[in-house]
Amino acid sequence: MTMAERSDMPLIEVENLGVRLNTSRGPAQAVRGLSFSLKRGETLGLVGESGCGKSVTAMSLMGLLPDSAVVSGSIKLDGHELAGLPDAEYCRLRGNRISMIFQEPMTALNPMHTIGDQVAEPLRRHKTYSAAQARRETIALLDRVGLPDPARRVDAYPHQFSGGQRQRITIAMALACEPDLLIADEPTTALDVTIQGQILDLIADLVEERGMSMILISHDLGVIAENVQRMMVMYGGAVVESGPTDEVFRRMGHPYTQGLFRARPKLGARKGTRLQTISGTVPELADLPAGCTFSDRCPLVIDACRAALPPMVEVGPRHGVRCIRTDVSMAERVGALTA
Amino acid sequence: MSVFVLRRLVTLLATLVGASLIIFLVLDALPGNAAQMLMGADASPDAVRALTIKLGLDQPLAVRYLQWIKGLLSGDLGNSYVYGTPVASLIGERLLLTVPLAIMAMAITVTLALSAGIYTAANHNKLGDVGVMSLTQIGIALPNFWFAILLVLLFSVRLQWLSAGGFAGWEDGIWLGFKSLLLPAISLAVVQAAILARVTRSAVLEVLREDFVRTARAKGLGRREVLWSHVLRNAMIPVMTVMGLQFANLLAGTIVIENVFYLPGLGRLIFQSIANRDLIVVRNCVMLLATMVVIVNFVVDVLYAFIDPRIKVHDL
Amino acid sequence: QSKKDSVVMGMTLEPPGLDPTNAAAAAIAEVTLYNIYETLTKINEDGSVSPLLAESWTASPDLKTYTFKLRKGVKFHNGEPFDSGAVKFSFERNAAATSTNKDRSLFQAFEKVETPDADTVVITLKYSEPNLPFLLGQASGSIVEPKSAATNVTQPVGTGPYQLGAWAKGSSITLNKWADYRNASAIKLSKVTIRFISDPAAQAAALLSNDVDAFPRIATRVVAQFKSDPRFTVLIGGSRAKTIVAINHRKKPLDDVRVRRAILAAIDRKALIDGAVEGFGTPIGSFYTPGSLGYVDTTGVNPYDPEKAKKLLSEAGVTAPLELSLKLPPPPYARQGGEIVAAQLAKVGIVAKIENVEWAQWLSQVFAGNGPHNFDLTIVSHVEPFDLVKITEPDYYLGYNNEKFNALYKQIVSTPEEAARAKLLGDAQRMLATDAVSAYLFQPQWPTVINKKLKGVWKEVPQFENDFSAWAWE
Amino acid sequence: MSAPMTIDAPLATRPLPARTFWRRALRHRSFVLGGALSLLVLASALLSLVWTPWSPYEIDIASKLRPPSAAHWLGTDSFGRDIVSLLLAGARSTIMVGIIAVSIGLTFGVTLGLIASARRGWTEEIIMRFSDFTFAFPAVLSAIMLAAVAGPGMVTSIIAIGIFQIPTLTRLTRGSANAIWAREFVLAARAAGKGRFRITIEHVLPNILSILIVQVTIQFALAILAEAALSYLGLGTQPPQPSWGRMLNDAQSLLFQSPMLAVYPGAAIAVAVLGLNLLGDGLRDLLDPRLARER
Amino acid sequence: MTAAPLLDVKDLEQRYALPRESLFRPPGQVRALNGVSVQVAAGKSLGVVGESGSGKSTFARLVMALERPTSGQVALLGRDLNRIPADELRRARRDFQMVFQDPYGSLDPRQTIARIVAEPLTVLEGVDRSTFRDRVAAALRQVGLRDADMEKYPHEFSGGQRQRIAIARALITQPKLIVADEPVSALDVSVQAQVLNLMQDLQEQFGLSYILISHDLAVVDYLCDEVAVMYLGRIVEQGRPEDLFEHCAHPYTRALLEAVPRARAGGTRRRRGGQAIASQSAATAGCPYVARCPLAEQHCREALPALRKVGEGHLAACHRAEAVMALPRVAMEG
Ligand SMILES: Nc1ncnc2c1ncn2[C@@H]1O[C@H](COP(=O)(O)OP(=O)(O)OP(=O)(O)O)[C@@H](O)[C@H]1O
Ligand SMILES: Nc1ncnc2c1ncn2[C@@H]1O[C@H](COP(=O)(O)OP(=O)(O)OP(=O)(O)O)[C@@H](O)[C@H]1O
Ligand SMILES: [Mg+2]
Ligand SMILES: [Mg+2]
């Protein structure tokens, strides 16, 4: 396989991924029919409200779902099937070729170990570095992610760092072995805007420099808009809209995407204006409505919506929307934009 | 010196002063006295009176209390009424048994409990977990003195590997002393280990649910590696709390096992001394126990700070 | 295999110190008597008295003056010679005002102790005492050496064949053979270790696991299994002890002889002996043991008869249920016996409320001469031989205080001829039985379990003692 | 289908939390097993009040140490009493000691723990040192001292065991109460103007209740074992009142002769303790909000 | 201007002692608030924004009289909350209530909604049971919940509904001021919108005042008449939102605005330099923001800038406020 062939081949290819979880209310389909592929150097965003299955998707790529979870479909990394891979082999990939930045910087680090040890762990494991070598590399990594005075602080413990600093440390950890695929699960939700900015800068730099592929998960449309090339909007475990970021923001096709966009308070939208809300509440995974998962809350719902899960409709270049009423919704969208 | 330590020391002293008063008064309320006990049933009343005066038991309460405290402060614990020997050496001899026994029992407890606890947590809800946990259920339910006799039946009477009781002392070699404490240590440990194993298991399971475990897994660590390198130390805090309580209990609460194995431990000394109304021994023993338990608790608190970098000694 | 010359013996209680002349505990005598300390006379297995430190003795006809000829060439462990001075010192020390000797009254009854020469001692008593040679063979009569006497509690010095080796308090005492003993070659065992084991199951386990070679006065509960075990010999010996249900005459309605008789009639001695001491006991009807001078069987005076007991109670005008307290000291005979007594009394309408007490409490509340005598019933074993005298003491815990009995006792002690004395003793026994002074239960038998190969261990034990000088391995 | 019903239906028809609790409880294996065993012990105790095959008090030396037979299902003890009757009646003392001792421990331990966590500072320090000090007296030691003063017996042993329970419960209460005090709803209650006392009673206590319930089952088990140990030393329940500990003590010396005599009360204690432990485990699961989030 | 303000905060300072490490050295201190003065007129709302750890929550706690300030005073309707006796304070609490950040943590999971919502009433007055229920029902209706919800428990509600319950609890005494500490930051976008709408409706209906604490500038902008930007325990800029966001006069405010991601097509990212976070315990002579400020001069390092007027009703604590205002506007969304 030549270099050119390799870079053309998708790095990660997900086909019809489904995840069934055992919840306290019985089994629930947390992810359904999710497909995408990602080449080297590409970035993909995953948006959606809390509980829509973003993290579960990430976990299934990492092979870290609970034992009781049932995964269907296929996940291929460089053409090799990952679904059903034995744990020992998966361990060789995790932290090495695929790595992940977790949602909560406050709890993602082990409070009892020095940050140096924690960052060095993947190096020592996958690259079998010696302790001294790993330490040197760790300091370099911490310096790279902008942790001040890393040589002195490698031996400090997580609680001695601020939230932003901790998030940088988890990033250093995820990047230690220069993975091919980085999954960043809401890396900035817990942080305030100034620190959020710094972290996103940092990740973007690294993606550019090293040609990694990245999946960025967030429920903040602004973060997605600024940081990824392509995006997918999830609702109730299914992708309801996907496409290049610019394209999606220009012409939002799914009522849910539109609702999400409208509901956010916008800077400069003065007092007295009302926010447009999506009526109803996010359904429980265990009792999703039949058909389109959004049908219960959709202003455009018709009986056909409840009949079956709508197919993905192509509404623009590589832009798909899982809605049978795009004719109406996308017409209305024009009005919404000007509001 | 840290303010915390100072504060702890002050309260510790206050506790001990209060303790000494309570101990003294409670013991003084015991009916009967040492002179009567020493003289036996057929002694004449004036012989008993003579001994009472000789032992100084006729002095007023406050005088005796102050004498005791004065003695404590100057390191002189006085002489046992019964044995006539210095109380300090009497207690010292017993400590040579009680402390090693407590340590041995604790070592066995910790070994058993941690391995069982970790094993079951790692195999949560699997057959091994259920099996070992059922065993610990039974372990908790065993009265330890009863279990002790069963051990004796097996190892001393049937197999004759170990002696049925008694303490060989440390003079004739560590091994002999060790051997004679083995069965008592096991019978003390089994029940405790069952409790500690359960605590360990739930602590480990609790930590396994934490986010950083997932982080470690995401770095490519296998389940077992995560358990050993990340989970255990975090699970140690609740485990240590229980361990501290158990160790304190071993120092003070082994009378029953000492009885079964006729060991000259602190517990039996107290038991016998109360029966003999050798109150000077009892007071000092109980005082020592109180001090030791308070110190063990203190040590456990300091150990927390060693295990968990987030805790500094001063914010305990 | 070299011949074994050491023995491990088990004992239930640990002695509180090793000076038998200043404390009463039987355990002191069990360790020291005839082993560390010697007395002028020796009480043998059959209760006879033979010479020990005294080679011979003579008594005046009125039994008030005794002359002892002492053995020559005897030395104390510390090298000091034994002579009449040591005897005089020991006896006067026991009689001193500050003495805590349990038999102080005996020594205070000595009018004088004279030492005409180094090996003659002449004792003059205030009253006639036929049993003096026997009494001086007890541990309280141990001869001590003047200079070391004060420290005997922890560093005993005597003239016996053994010296204290080590004392691990709470655990064991080791006695080593004294090489300079006058008859050292006859002593077979060079080392005796005494272990203190109070738990019955542990006593049995220690024997079964060969940790212990001999266990005198082992808990009766565990004896049965050794009888059938070929590795062990079980020796059953009599004793001079009397186990009784003491009745407090100072309390109503216990001052009524009919009520006391009812209590006696309610008790089935046979069942009690079976239940409380596994049958190791001989029923007695009075405060006197079989085998002693002038013993008569009085068990028929108040036989087991519940119906009669009920009748007696109603005659006495007692309304059932009669509630009484039953205080039980720690030994198994009392605790187990108490349960049976209570159950038997219940059948005739007496509710005995069991209160378990420690010895210290028992002594101060029940027994102490000046004490409150706060009890209705109690179970206790009186181990002192020849202690009828106690019943005559006015503040004795029983509160019997019968002038007729006291007079009879005076007559007994002032009667030198044995036959006449025996007859009078018989009268005394009958008087105690008829008056139902206490509920006399049994004379305990003391079982000793030893390794089959161990020889020379006494079967009969007239007092608390273990004479190691006679012990040897086969 | 059920949605419109729940909106307009009167409050009473909504399944009460209690009922759903029992529904889940009955499906929980260790809860059911533990509950059954505990009920068995309780039933024996109650049954013995009205009926036992033989009198547990009557002594019949002639028929002592009989092997099991049709008349005596498990044989007789060293006094010829029927073992089954003794076991049934013994359950009574066991339960009594357990309940009263644990109540003592709960009352004092929880109160002290709540005070410590409500007041913090020196109060907390003093209470905790005091509890350390109390812990230096294992039940056996306090029982010996108490028995020496007041005489041995059930009351003495109950008090001694109760005292021994205090420090454990104090620690536990204080620890979990401190966690509750750090919660935001406590701040909300303060903002509403509630004082420490009201917050403790209305918010802290209800929220640590489930932890306490679980601990109580453990303490109960410990109390039973402590009673057995005390009886072994002759300090527990006094004759003629039967108790498992006393039976065990009695059997101990006959262990080589009639080993089964020690097995029965040992097994009875094991069953009771086991039952309570399983019950506690079950309760913990059932009260765990992570598992109980069922609407 | 003329009427007495509803809330008058003067020179509020709060220091927290760090745990004492040595007997002989004084314990370290965290200066959580460094002299904050602010007034809120009846019916008007104040938004407080700022970085994490800048003292926003401390400010809220002090306004709520949940803690005593080190110095300074908080006066509500002319009464100094820290001077009045305890029971009067308790009665005064009917006028100011609080809504917390965490809709899950701020409701006691073991109490029914009725009890939770009635909580402020039970303390304040001896209302009888039936009026109790009526008032709870009324409060629930105001926030869009049903009477039937009264007997339910918090876990039976979604996050948005829970925050409504918390608001109902704050409303039940008909207060004049509600302090809301990050009331929506734990909520989903769609739910957040519902809650914000509700808060706005309630303000119109009852003439409430809010003190709204948030780190989301858009939220504050949406709901408040005035905004205070806090940095390290100080107010560094204050004014009407339109003035503040369109002509910001403090470099920190500007940094905040620039950092807000824009949800729109072709959004490209603007790079920001790495910034250190200054220490809170060391009191420096100069401007606390100087280390991060791109416009800092020597003067800034030497003198602490005071809050000064830079426009009509617009204050800023920056020596170079004019220079900052002269910078090009930060692009707004929409
Ligand atoms: N281990 C698990 N067991 C049972 N259910 C789970 C588990 N993990 C997640 N879920 C459920 O699966 C659904 C999807 O969860 P997921 O974590 O993927 O959401 P998310 O999109 O990441 O939300 P958030 O924005 O809050 O992180 C949720 O309803 C969640 O409750
Ligand atoms: N009780 C306390 N003891 C000591 N320091 C405290 C205490 N409360 C707050 N602080 C400190 O005071 C400073 C201000 O805290 P505060 O909680 O008010 O910040 P905030 O602006 O609300 O931050 P966030 O946005 O993270 O909630 C912080 O540095 C904090 O660590
Ligand atoms: Mg997530
Ligand atoms: Mg805050």
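Per an unreviewed UniProt entry, chain A goes by the name ABC transporter ATP-binding protein and belongs to Bradyrhizobium frederickii. Its UniProt record gives chain A a comment under Sequence similarities (unreviewed entry), which states: "Belongs to the ABC transporter superfamily."

Asker: Which residues make up the overall build of chain C, and what values go with them?
Answerer: Scanning chain C for helices and strands turns up 14 helices and 21 strands. The C-alpha radius of gyration of chain C comes to 23 Å, within 12% of the 23 Å expected for a compact globule of 474 residues. For chain C, buried positions account for 63% of its 474 residues. Sequence-distant contacts in chain C: of pairs separated by 6 or more residues, those separated by 24 or more amount to 69%. If the 52 positive side-chain charges of chain C are averaged to one point and the 51 negative ones to another, these points end up 2 Å apart.

Asker: Just give me the short version of the coordination of the magnesium ion (ligand 3), but keep the residues and values in it.
Answerer: Residues and elements named next belong to chain A. The protein atoms donating to the magnesium ion (ligand 3) are Ser55 (OG) and Gln103 (OE1), with metal-donor distances spanning 1.8 to 2.7 Å. You can see Ser55 sitting in helix 2 (residues 54-62) and its partner Gln103 sitting in the loop between strand 6 (98-101) and helix 4 (115-126), a full 48 residues away along the chain. Here Ser55 falls in the partly exposed class, since its relative accessible area comes to 25%. For Gln103, a relative accessible area of 29% puts it in the partly exposed group.

Asker: Quick one: what's the story with the site of ligand 2, residue by residue and with numbers?
Answerer: Residue and element names in this part refer to chain E. Close contacts around ligand 2 come from 14 residues, with Ser52, Gly53, Lys56, Ser57 and Thr58 the closest. Here an oxygen atom of ligand 2 and a backbone polar atom of Ser54 are 3.2 Å apart. The contact in question runs from an oxygen atom of ligand 2 to an N or O atom on the backbone of Lys56, over 2.8 Å. Of all the elements in the fold, those that place two or more residues in the shell around ligand 2 are strand 2 (29-40) and helix 1 (56-63). By residue class, the composition of the shell around ligand 2 is three nonpolar, seven polar and four charged.

Asker: Before we move on, could you go through the sheet that holds strand 1 (residues 12-23) of chain A and cite the residues and values that matter?
Answerer: All names here are of chain A. One open sheet accounts for four strands, arranged 2-1-4-5; its pairing is antiparallel. A single partner strand is all that each edge strand has here, and the edge strands are strand 2 (26-38) and strand 5 (80-81). Contacts from helix 2 reach strand 1, strand 2 and strand 4 (70-77), with the element oriented near 115 degrees to strand 1.

Asker: Account for the arrangement of the chains, naming residues and giving values.
Answerer: Counting contacts across all eight pairs of chains that touch, the top pair turns out to be chains A and E. Structurally, chain A and chain C remain out of contact, their C-alpha atoms never closer than 47 Å. Nothing in chain C touches chain E, and the closest approach of their C-alpha atoms is 47 Å.

Asker: Tell me what's going on with the packing of helix 6 (residues 139-150) of chain D against helix 7 (residues 154-181) of chain D, and back it up with residues and numbers.
Answerer: Residue and element names in this part refer to chain D. At a minimum axis distance of 8 Å, the contact between helix 6 and helix 7 shows a crossing angle of 140 degrees. Viewed along their axes, helix 6 and helix 7 adopt a mutual orientation that is oblique. Helix 7 is crossed by helix 6, and the crossing has right-handed handedness. On helix 7, the residues that touch Ala139, Ser142, Ala143, Leu146 and Ala147 of helix 6 are Thr156, Ile159, Ala160, Ile161 and Phe164. For the contact of helix 6 with helix 7, a count of residues per class yields eight nonpolar, two polar and no charged.

Asker: Report on empty space enclosed by the protein, specifying residues and quantitative values.
Answerer: All names here are of chain D. Evaluation of the coordinates by the stated rule reveals eleven cavities of 30 Å³ or more. Volume-wise, the second largest cavity comes out at about 120 Å³. As for the second largest cavity, its lining consists of 14 residues, and the residues nearest its centre are Asp77, Leu86, Arg246, Met247 and Asp250. Those elements that place two or more of their residues in the lining of the second largest cavity are helix 4 (83-119) and helix 10 (244-252). Among the elements that line the lining of the second largest cavity, the one with the most residues is helix 10, at four residues. Of the residues contributing to the lining of the second largest cavity, the split by class is seven nonpolar, two polar and five charged.

Asker: How would you explain the interface of chain E and chain A if you had to name every residue and give the values?
Answerer: On the side of chain A, 47 residues touch chain E, which itself brings 48 residues to the contact. Interface area for chain E against chain A, summed over the two sides, is near 4,000 Å², with a carbon-plus-sulfur share of 53%. Inspection of the chain E/chain A interface yields one salt bridge. Here Arg274(A) makes a salt bridge to Asp201(E), at a shortest N to O gap of 2.5 Å. Scanning the region where chain E abuts chain A turns up five residue pairs in polar contact (both at pLDDT 80 or more). Secondary structure elements with two or more residues in the side of chain E that touches chain A: helix 6 (189-206), helix 7 (217-223), helix 8 (241-246) and helix 9 (251-259) of chain E. Residues that form the side of chain E that touches chain A fall into these classes: 20 nonpolar, 13 polar and 15 charged.

Asker: Outline the pattern of salt bridges, supporting the account with residue identities and numerical values.
Answerer: For the coordinates displayed, the defined rule picks out 74 salt bridges over all chains. Put simply, Glu186(A) and Lys54(A) hold a salt bridge, and the shortest N to O gap is 3.7 Å. Here Glu186(A) is found in the loop between strand 7 (181-185) and helix 8 (193-210), whereas its partner Lys54(A) is found in helix 2, with 132 residues between them in sequence. Residue classification places Glu186(A) among the buried positions, given a relative accessible area of 5%. The salt bridge partner of Glu124(D) is Arg174(D), with a shortest N-O separation of 2.6 Å. Taken together, the residues Glu124(D) in helix 5 (residues 121-135) and Arg174(D) in helix 7 connect sequence positions 50 residues apart.

Rules used in this analysis
Every residue gets a number counted from 1 within its own chain, in the order that chain's sequence is written. Naming scheme: in the order in which they are written, chains are lettered from A and ligands are numbered from 1. In keeping with the predicted nature of the model, local features appear solely for residues at pLDDT of at least 70, side-chain atom pairs appear and are counted solely at 80 or more, and the whole-chain, interface and lining totals rest on all residues. Computation of side-chain values covers all heavy atoms of the structure but excludes hydrogens and water. UniProt positions are given in the numbering used here, feature names are shortened, and annotations may be inferred rather than shown by experiment. In this description a helix means any DSSP run of H or I spanning at least four residues, a strand means any run of E spanning at least two, and both kinds are numbered starting from the N terminus. In this description the radius of gyration comes from C-alpha coordinates, and the expected globular size is given by 2.2 Å times residues to the power 0.38. Each residue gets one of three labels from its accessible area relative to the maximum for its type: buried under 20%, exposed over 50%, partly exposed in between, using a 1.4 Å probe on protein chains only. It only takes one pair of heavy atoms within 4.5 Å for two residues to be counted as in contact. In this tally, Asp and Glu contribute negative charge and Lys and Arg positive charge; neither His nor the terminal groups of the chain are included. Positions of charges follow a simple convention, taking NZ of Lys, CZ of Arg, CG of Asp or CD of Glu. Any N, O or S atom lying within 2.8 Å of the metal counts as a donor, and for Na, K and Ca the limit rises to 3.2 Å; water is left out, so some sites can look incomplete. Note on terminology: near, applied to a residue and a molecule or strand, indicates that one of the residue's heavy atoms is within 4 Å of it. Any N or O atom pair separated by 3.5 Å or less is treated as a polar contact, with the protein-specific requirement of one donor-capable and one acceptor-capable atom, and with residues adjacent in sequence counted only for side-chain atom pairs. Under the grouping applied here, Gly and all other residues not named as nonpolar or charged are polar, the nonpolar ones being Ala, Val, Leu, Ile, Met, Phe, Trp, Tyr, Cys and Pro and the charged ones Asp, Glu, Lys and Arg. We call two strands paired when DSSP finds no fewer than two bridges between them. Working convention: axes come from line fits to C-alpha atoms, limited for helices to the stretch in contact. Angles between N-to-C directions cover 0 to 180 degrees. These descriptions rest on fixed angle ranges, namely under 35 degrees for roughly parallel, over 145 for roughly antiparallel, 65 to 115 for roughly perpendicular, and the rest for oblique. It is the rotation of the near helix from the far one that decides the hand of a crossing: anticlockwise by less than a right angle makes it left-handed, clockwise makes it right-handed. Residues are called lining when one of their atoms sits within 4 Å of a cavity or pocket point, these points coming from a 1 Å grid over the protein atoms alone, where a cavity is a set in which a 1.4 Å probe fits but cannot get out and a pocket is an open set with protein on both sides within 12 Å along at least five of seven lines. Grid points are joined across faces, edges and corners, and a volume is the space filled by probe spheres set on the points. Once two parts are put together, the accessible area they lose, assessed with a 1.4 Å probe and summed over both, is termed the buried area. For this analysis, a salt bridge means a side-chain nitrogen from Lys or Arg found within 4 Å of a carboxyl oxygen belonging to Asp or Glu.

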